Amino acid sequence: FPTVCAVMVYYYCADIYIVAQFLAVLAVYLSRFHKWQHDLLAIGALTICLGTYQSYYCMAIALYFCLILKELILIKIDYKVLFRHMARYLLIGVSSMALYFIIREISLQVYQLSLASYMGMNDLHFSLSMLPDLLYNCYYQFARFFFGTTFFYNPLSRKITYAILWGCLAVSITTLVRTRK
């Protein structure tokens, strides 16, 4: 599996990375039980995952999306229940992120440290007023990956293939949602 190989490149940190990966998967697994005790454990696991290696937080988000798709396609639960589950998953993710930032700031104050400077990441600031521009930029960069030439050379044939695949995905999802009723 390529991800495991990529982790093993940094073999001296592999045990910590695997624990963070395990905690991300554990958080999603615990969320499936839909009980507040499990949700608190999921928040704790995801917070420790964030404190260990932030990249696996994205893996947890991807797993939550897979869980939502599974509930939508295989289990065929009611839309109201599905939206409640989605709200719970979002709350778990946001709560773990907030708890991580609180613990990080307390730790920095107690030990009188500052964040290490790495490509300007320590100077990142966020406010809700920036959210519309950030969302637009996120989707714009996503589209540029498939249809632009910034990341790698995309000949016209590849762009057409991507457009057909995205169109098929849109039609499939639309058909799935309409036939579930």
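Residues numbered from 1 in each chain as written. Predicted model: local features only at pLDDT ≥ 70, side-chain atom pairs only at ≥ 80, totals over all residues. Heavy atoms only, no water.

### Observations regarding the overall build of the protein
Of regular secondary structure, the protein possesses seven helices and zero strands. In sequence order, the protein lays out its α and β elements as α-α-α-α-α-α-α. Pairs at least 24 apart in sequence give 53% of the contacts found in the protein among residues at least 6 apart. About 13,300 Å² of surface is accessible on the protein, with carbon and sulfur atoms providing 72% of the total. (Helix = DSSP H or I, 4+ residues; strand = E, 2+ residues; numbered from the N terminus. Contact = heavy atoms within 4.5 Å. Areas by Shrake-Rupley, 256 points an atom, 1.4 Å probe, with all protein chains shown as cover.)

### Notes on the pattern of salt bridges
Scanning the model with the defined rule gives two salt bridges in all. As a salt-bridge pair, Asp39 and Arg88 come within 2.5 Å of each other at their nearest N and O atoms. Residue Asp39 is located in helix H3 (residues 36-52), and its partner Arg88 is located in helix H5 (residues 79-110); the two are separated by 49 residues in the primary sequence. Measuring nitrogen to oxygen at the nearest pair gives 3.0 Å for the salt bridge that ties Glu105 to Arg104. On the accessibility criterion, Arg104 (23% relative accessible area) is partly exposed. (Salt bridge = Lys/Arg side-chain N within 4 Å of Asp/Glu carboxyl O. Buried < 20%, exposed > 50% of the residue type's maximum accessible area, 1.4 Å probe, protein only.)

### Focus: the packing of aromatic side chains
On inspection of all chains with the given rule, the structure shows twelve aromatic pairs. With a centroid separation of 5.2 Å and an interplanar angle of 90°, the aromatic rings of Tyr29 and Phe33 are classed as edge-to-face. Here Tyr29 falls in the partly exposed class, since its relative accessible area comes to 41%. Grouped by ring-pair contacts, the aromatic residues Phe142, Phe145, Phe146, Phe147, Tyr162 and Trp166 constitute a single cluster. (Phe/Tyr/Trp six-rings, centres within 6.5 Å; stacked < 30°, edge-to-face > 60°.)

### Comments concerning the packing of helix H2 (residues 14-31) against helix H4 (residues 55-75)
It is at 9 Å that the axes of H2 and H4 come closest, and there the two elements cross at 30°. As far as their axial angle goes, H4 and H2 are roughly parallel. In the packing of H2 onto H4, the handedness of the crossing is right-handed. Taking contact as the criterion, the partners of Tyr17, Ala20, Gln21, Ala24, Val25, Ala27, Val28 and Ser31 in H2 are, on H4, Tyr56, Met59, Ala60, Leu63, Tyr64 and Leu67. (Axes fitted to C-alpha atoms, helices over the stretch in contact; angles between N-to-C directions. Parallel < 35°, antiparallel > 145°, perpendicular 65-115°, else oblique. Left-handed = near helix turned anticlockwise from the far one by under 90°.)

### Quick word on unusual backbone geometry
Positioned with a positive phi, His34 is a non-glycine residue whose angle comes to about 55°. Take His34: it is sitting in the loop between H2 and H3. With relative accessibility at 32%, the residue His34 sits in the partly exposed group. Look at Gln112: it is not a glycine, yet its phi comes out positive at around 50°.

### Brief notes about the confidence of the model for the protein
Summing up the model confidence of the protein, the mean pLDDT is 86 and the portion of residues at 70 or higher is 90%. No element of the protein has a lower mean pLDDT than helix H1 (residues 2-9), which averages 63, and none a higher one than H3, which averages 96. (pLDDT = per-residue confidence, 0-100.)

### Things to note about the side chain of Ser96
Inspection of the secondary structure assignment puts Ser96 in helix H5. If we ignore the near neighbours within four places in the chain, the residues touching Ser96 are Ile43, Leu46, Thr47, Leu50 and Tyr57.

### Brief notes about H3
Counted at 1.5 Å a residue, the expected span for H3 with its 17 residues is 24 Å, and the 24 Å between its end C-alpha atoms agrees. All buried positions along H3 are accounted for by Asp39, Ala42, Ile43, Ala45, Leu46, Thr47, Cys49 and Leu50. (Expected span 1.5 Å × (residues − 1).)

### Some details on H5
In a regular helix each residue adds 1.5 Å, so 32 residues correspond to 46 Å; H5 covers 46 Å between its end C-alpha atoms and thus fits that length. Of the residues making up H5, those classed as buried are Leu82, His85, Arg88, Tyr89, Ile92, Gly93, Ser96, Tyr100 and Leu108. The inward-facing, buried residues of H5 abut H2, H3 and H4. Immediately downstream of H5, the backbone of Gln112 shows phi near 50°, a positive value.

### A closer look at a nonpolar patch on the surface
A surface patch of nonpolar side chains, amounting to about 740 Å² of accessible area, comprises Phe126, Leu128, Met130, Leu131, Leu134, Leu135 and Tyr139. Turning to its location among the elements, Tyr139 is positioned in helix H6 (residues 131-147). The class for Tyr139 is exposed, based on a relative accessible area of 61%. (Patch = residues over 30% accessible without salt bridge, like charges linked within 9 Å, V, L, I, M, F, W, Y side chains within 5 Å.)

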